[in-house]
Amino acid sequence: MIKLLLVEDEIGIMALLKNLIQFQKLGLELAGTASTGREALELMKETDPDIVITDICMPQMGGLELIEAAKEQNLKAKYVIVSGYSQFDYAVTAIKLGVEDYLLKPINEAELNEVLEKLTLNIQSANDAAYSLKRMNTRIKNQRKKLRKRLFLDLLFGSRSLEARTLKEINGDYGYGFQEETVFLVGIVRIDGVQDWNLVAKKTFLEQLARIFSRETAGRCLEKEACIYNDFFLYLINVSPDKLPEIRERINEIWRIFKRLAGNYENLRLTMGCGYPADAPGKIEKAFQLAKKVLSCRILEGCGKIYRAEEYASAENGLTEQLLVKSRLKIQTELQNKRPEECRQKIREYLEWVIQVSRQSPLMLLENLEKSIYYLISDMSWQKGLKEDAEGAFRQMKDSMERCSGKEELLDLILERISGLSASGEDSREKDVRTIARAKDYIWTHYQENLRLEDVAEQVYLTPGYFGVLFKKETGTAFSAYVIQVRVEKAKELLRDPRRNISEVAYAVGYQDVRHFSRLFKEYVGLVPKEYRKLHGSGLF
């Protein structure tokens, strides 16, 4: 049996935990209960529990202090913390201490037992036949989750592979339970403010959004799916038409919970966009594109609320072709023979005009800007004889525009990208040097993340292909090799701290697999991390 210790100062919550936990099914034995961290620490010495579920805020000694004290005394256990919404920042700190998971009050029975099941599987012997079967089932479940997510994204973004598939085939291949003569609700939540968080804090917050969504929609729909995609929370709900009013009110409630959670953080803003209901899987992509479109209304009308497609149904009036051509000719004339600062001012005035025209139809803001900017980039590239791929430059800017949360941020993004095209006297070599310097700075400050060439290229507003060639030309090193070099240098610094173990160092510099990290470290340094630490400690390095 796996021993479990419960630590909670509120009698009611302690009783609830005992009642909700499926002890027999999970193979758990209650090793004891404690109402303070000090009492729990003594019980841990006596009973040596495998798992400890602890509240954060308790008299005498809280949950975080308990975990620290137990680690100092080499008491080995897996920890699960219990927290209220107002204590969420403490939960992030606890995860950094190495806890396995956390639960938010009010405690949900399914989430509680799912967490405990995961921990018991990790603890049980690999030679146990029952364990092996459970592990296989877990792998199958995880693979099915991956398949479901792949289909979910294909439905949202469109995929030719699904065009000829029947609903029955989709359900069978991907493990869904979509039904005929039903509707699909699609939504997107933009999360502004997490971009500069560390990976642990960001992952913790985003996963909590997914848990809230799953819990609040359980038993209320035929099917559901949600995932995090580039700092956006995406969801899909399949319901019968008669349940639409009920599920829309449930979405409103989910939004209120999201807002309360976000309210615990400074400068964190959430905005939701909802598309029309789709009556077939093939129409989900169009509904999602409309949800993205209404979400862009936040640029003019502000973040922090829900934008619904039906509220903007009569507002899809873009720039007419005649007006677009007229404005294009006007800006071309105004930019001729102008100094860089004058060009920038004229371009800003032009963009301000496009935004002003769009205020009557905020749903069309990005589309109006995209049309205007596409022609602007094309004309300026052609006039200056630049070899840069104007189409690619526009695509990069278009993706970045969708992430802007306000008018000034949007204008700054556009002006920074096209100012290089308008600077008639600028030396291209100096521009390349500055561009790669910015890219290197970004790598050095984000080395712990899953850095891709495409992501860094976007930061400096270049197409991935052009950026890769330019980076190799300016640094003499391929992008991927440079990222490894940066991570190895940071790892060497961290290895000088004897309090950090090798796996902590690997994770801190962006590697989840310790063996992969050790192999790369040896390729670049000539020693495995453990050997490097020994030699450095002896004064040879």
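See above for the structure.
These figures come from a predicted structure and were not determined experimentally.

Procedures and definitions
- Residues numbered from 1 in each chain as written.
- Predicted model: local features only at pLDDT ≥ 70, side-chain atom pairs only at ≥ 80, totals over all residues.
- Heavy atoms only, no water.
- Helix = DSSP H or I, 4+ residues; strand = E, 2+ residues; numbered from the N terminus.
- Expected span 1.5 Å × (residues − 1).
- Buried < 20%, exposed > 50% of the residue type's maximum accessible area, 1.4 Å probe, protein only.
- Polar contact = N/O pair within 3.5 Å; in protein donor to acceptor, adjacent residues only side chain to side chain.
- Pairing = 2+ DSSP bridges.
- Axes fitted to C-alpha atoms, helices over the stretch in contact; angles between N-to-C directions.
- Contact = heavy atoms within 4.5 Å.

Peer 1: A description of helix H9 (residues 199-217) should follow, citing residues and the corresponding values.
Peer 2: When the terminal C-alpha atoms of H9 are compared, their 27 Å separation across 19 residues agrees well with the 27 Å that a helix rising 1.5 Å per residue should span. Backbone geometry just after H9 places Gly-219 at a positive phi near 75 degrees.

Peer 1: Could you give an account of the side chain of Arg-190, with specific residues and numbers?
Peer 2: As for its position among the elements, Arg-190 is in strand E6 (residues 183-192). We classify Arg-190 as buried; its relative accessible area is 4%. Separated by 2.9 Å, the side chains of Arg-190 and Asp-192 make a polar contact.

Peer 1: Quick one: what's the story with the sheet that holds strand E7 (residues 223-229), residue by residue and with numbers?
Peer 2: Taken in spatial order, the 5 strands of this open sheet run E7-E8-E6-E9-E10, and their pairing is mixed. Pairing within the sheet leaves two strands with one partner each, and these edge strands are E7 and strand E10 (306-308). Recorded for the sheet is a direction-independent mean angle of 15 degrees between the axes of neighbouring strands. The pairing of E6 with strand E8 (residues 232-239) spans 8 bridges and is classified as antiparallel. Note that in E8 the partner of Val-186 across the bridge is Leu-236.

Peer 1: Please set out the environment of Val-186 residue by residue, giving values where relevant.
Peer 2: Here Val-186 shows up in strand E6. Its relative accessible area of 1% is what places Val-186 among the buried residues. In this structure the C-alpha to C-alpha distance between Val-186 and Ala-287, which are 101 residues apart in sequence, comes to 6.6 Å. Discounting chain neighbours no more than four positions away, the residues touching Val-186 are Leu-156, Tyr-235, Leu-236, Gly-273, Cys-274, Gly-275, Ile-284, Ala-287, Phe-288 and Ala-291.

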